[in-house]
Amino acid sequence: MNIGIVCYPTFGGSGVVATELAKGLANRGHNLHILSYARPARLDSFRTDITFHEVDLSSYPLFEYPPYDLALANMMVHLIQYAKLDILHVHYAIPHATSAYLAKQILNSKAAHVPVITTLHGTDITLIGSDPSYKQVVDFSINQSDGVTAVSEYLKKETYNHFDIKKDIKVIPNFIDLDRFKRSKKEHFKKAICPEGEKVVTHVSNFREVKRVPDVVSAFDQVLKNGVKAKLLMVGDGPDRPKAEQKCRELGMCDHVRFLGKQEQIEEVLSISDLFMIPSGSETFGLAALEAMSCSVPIISSNIGGLPEVNIHGETGYLCELGDIECLGRCATEILQDEELHQRMSANARKRAELFELDKIVTVYEDYYKEIKEGLS
Ligand code: GMT
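Residues numbered from 1 in each chain as written. Predicted model: local features only at pLDDT ≥ 70, side-chain atom pairs only at ≥ 80, totals over all residues. Heavy atoms only, no water.

(A) Here's a closer look at the overall build of the chain. Within the chain, the regular secondary structure consists of 15 helices and 13 strands. Its C-alpha atoms put the chain at 70 × 45 × 40 Å along the principal axes. Burial analysis of the chain (377 residues in total) assigns 57% to the buried set. Sequence-distant contacts, at least 24 apart, represent 70% of the contacts inside the chain between residues at least 6 apart. Computed over 42 positive and 51 negative side-chain charges, the inter-centroid distance for the chain is 2 Å. (Helix = DSSP H or I, 4+ residues; strand = E, 2+ residues; numbered from the N terminus. Buried < 20%, exposed > 50% of the residue type's maximum accessible area, 1.4 Å probe, protein only. Contact = heavy atoms within 4.5 Å. Lys, Arg positive; Asp, Glu negative; His and termini not counted. Charge placed at Lys NZ, Arg CZ, Asp CG, Glu CD.)

(B) Region of interest: the sheet that holds strand β12 (residues 299–302). Spatial ordering of the open sheet is given by β10-β9-β8-β11-β12-β13, a layout of 6 strands whose pairing is parallel. Two strands close off the open sheet at either side, each with one partner strand: β10 (257–261) and β13 (317–320). Averaged over neighbouring strand pairs, the angle between their axes works out to 20 degrees when direction is ignored. In this sheet, strand β11 (residues 275–278) lies alongside strand β8 (residues 199–204) in parallel orientation, the contact comprising 2 bridges. Opposite T202, over in β11, you have F276 as the bridge partner. (Pairing = 2+ DSSP bridges. Axes fitted to C-alpha atoms, helices over the stretch in contact; angles between N-to-C directions.)

(C) Spatial organisation of helix α5 (residues 135–144). Every buried residue belonging to α5 is among V138, D139, S141, I142 and N143, and all of these are buried. If you follow the buried residues of α5, they end up packed against α3 (96–107), β5 (116–120), α4 (123–126) and β6 (147–150).

(D) Molecular detail of helix α11 (residues 287–294). Burial analysis of α11 places 8 of its 8 residues in the buried class, which makes it a mostly covered element. Two residues or fewer past α11, S296 is found with a positive phi of approximately 60 degrees.

(E) Main features of a nonpolar patch on the surface. Side chains of Y60, L62 and F63 sit close together on the surface and give an oily, nonpolar patch of about 360 Å² of accessible area. Following the sequence through the fold, L62 ends up in the loop between β3 (50–54) and α2 (68–82). (Patch = residues over 30% accessible without salt bridge, like charges linked within 9 Å, V, L, I, M, F, W, Y side chains within 5 Å. Areas by Shrake-Rupley, 256 points an atom, 1.4 Å probe, with all protein chains shown as cover. Salt bridge = Lys/Arg side-chain N within 4 Å of Asp/Glu carboxyl O.)

(F) Spatial organisation of the sheet that holds strand β7 (residues 169–171). Read from one edge of the open sheet, 7 strands run β3-β2-β1-β4-β5-β6-β7, paired in parallel fashion. Both outer strands of the open sheet, β3 and β7, are each paired with one neighbouring strand and no more. For this sheet, the mean angle separating the axes of adjacent strands, direction not counted, is 25 degrees. With 3 bridges connecting them, β6 and β7 associate as parallel partners. Bridge assignment links V148 to a residue of β7, and that residue is I169. Contacting β1 (2–6), β4 (87–91) and β5, α3 crosses the sheet at an angle of about 155 degrees to β4. Together, β5, β6 and β7 form the strand contacts of helix α6 (residues 153–162), whose direction differs from that of β7 by roughly 160 degrees.

(G) Highlighting the domain arrangement of the chain. We note that the domain assignment places domain 1 (2–175 + 357–376) and domain 2 (187–356) within the chain. Inter-centroid distance (C-alpha atoms) of domain 1 to domain 2 is 31 Å. Listed per partner, the contact involves 22 residues of domain 1 and 18 residues of domain 2. Surface buried jointly by domain 1 and domain 2 totals about 1,400 Å² across both partners, of which 59% is contributed by carbon and sulfur atoms. Viewed at the interface, domain 2 and domain 1 are joined by 1 salt bridge. (Domains from an automatic or database assignment. Buried area = accessible area lost by both parts, 1.4 Å probe.)

(H) Region of the structure containing the nonpolar core. Membership of the largest hydrophobic core comes to 72 residues, with the highest contact counts inside it found for I5, L21, L25, L32, F276 and Y369. Counting contributing residues, this core receives three or more from each of domain 1 (2–175 + 357–376) and domain 2 (187–356). Setting aside residues no more than four positions away along its own chain, L25 makes contact with I3, I5, H30, L32, V362, E366 and Y369. V217, F220, C248 and L328 belong to the second largest nonpolar core, which has 30 residues in total. (Core = buried A, V, L, I, M, F, W, Y, C linked by side-chain atoms within 4.5 Å.)

(I) Quick look at the state of the cysteines. Under the defined criterion, the tally for this structure stands at 1 disulfide. Each sulfur in the disulfide pair C320 and C327 lies 2.1 Å from the other. Measuring handedness by torsion sign, the sulfur bridge of C320 and C327 sits at about -75 degrees and is left-handed. When its relative accessible area of 8% is taken as the criterion, C327 is described as buried. Residue C295 stays outside any disulfide, its sulfur separated by 16 Å from that of C194, the closest cysteine. Looking at C331, it has no disulfide partner, and the nearest cysteine sulfur is the one in C327, 3.8 Å off. (Disulfide = S-S within 2.5 Å.)

Next comes the structure, spelled out in structure tokens:
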């Protein structure tokens, strides 16, 4: 099949899921076209079966905000016509599902056979999508898609709660490349970060408010106060990084925290990690947690959103109430101090990650494409 994938080019979240899905589909002999405003971070090597199309966003003095959604729709029209797309799969509803609707309207009967599939990822529903300034358009565009998927049962429920959706939503979870995300020996790296054999607690995110990065620092401070010799690795970057840095200064524990910025080889950092902390205020799945689990790292997370579908309390780690820093610190300390518990949770984490193996989930998407396509013909 000729498959168009539309996504944000981000280091994490939907950008990663969309790009890894494109690679997985290309490995099965499909022809992939990726549309975005920049080359996706995970599209890191040249392949003849994946073509990247950068959305051409011409500016004009009148445009304070050039209309990306229109430029994207225009490019979709070209690709449906000239690359003979069989499927157009958009990741993140805003504005991708709307642009797809517009492209199909422009092509009218010529595009009738090209199903539009929208995958809902998270904040396109839970935060920005439900904002009154976008809600009606998001509602309409999801209903106009031929197929709709969500990354967790939680997100499916939230979508029905927030919007008036008439479609069946199929849950297809995030997935993981178990060969790439596996624990490997990185002794030199570990030694450089932890010269005294300290434990490593890691957080990876885009440092947006929803990730609650200051909570990670406060909980880690408790771990130190409980007498655990440890280092905190903060991976990624974003608007709340200064708040997290400020929190370290306030607590006087900056020597124990390293801000590593954005990293491409996350699996290397995860390979030296003993614990992963993700206390998010909203998280529809938690791909970052799955990546850590695949590297045999137990998880301490909040119990909100889709996180309980990934991190199983008492098995792969612990879940705490949102904002309960005492719980985060106590649970982290317990796992780091009890070698037997740590080993058990590490093994369970990897085992659970195996349920979300890339190839299995790519098959689910492939079958869903066929199902929706058959429904249209
Ligand atoms: O909001 C973000 O952090 C990014 C967002 C996205 O769509 O790019 O991530 C969401 O999608 C991921 C992939 O499906 C999920 O694993 C994340 O849990 C989800 N983030 C949130 O819900 C905050």
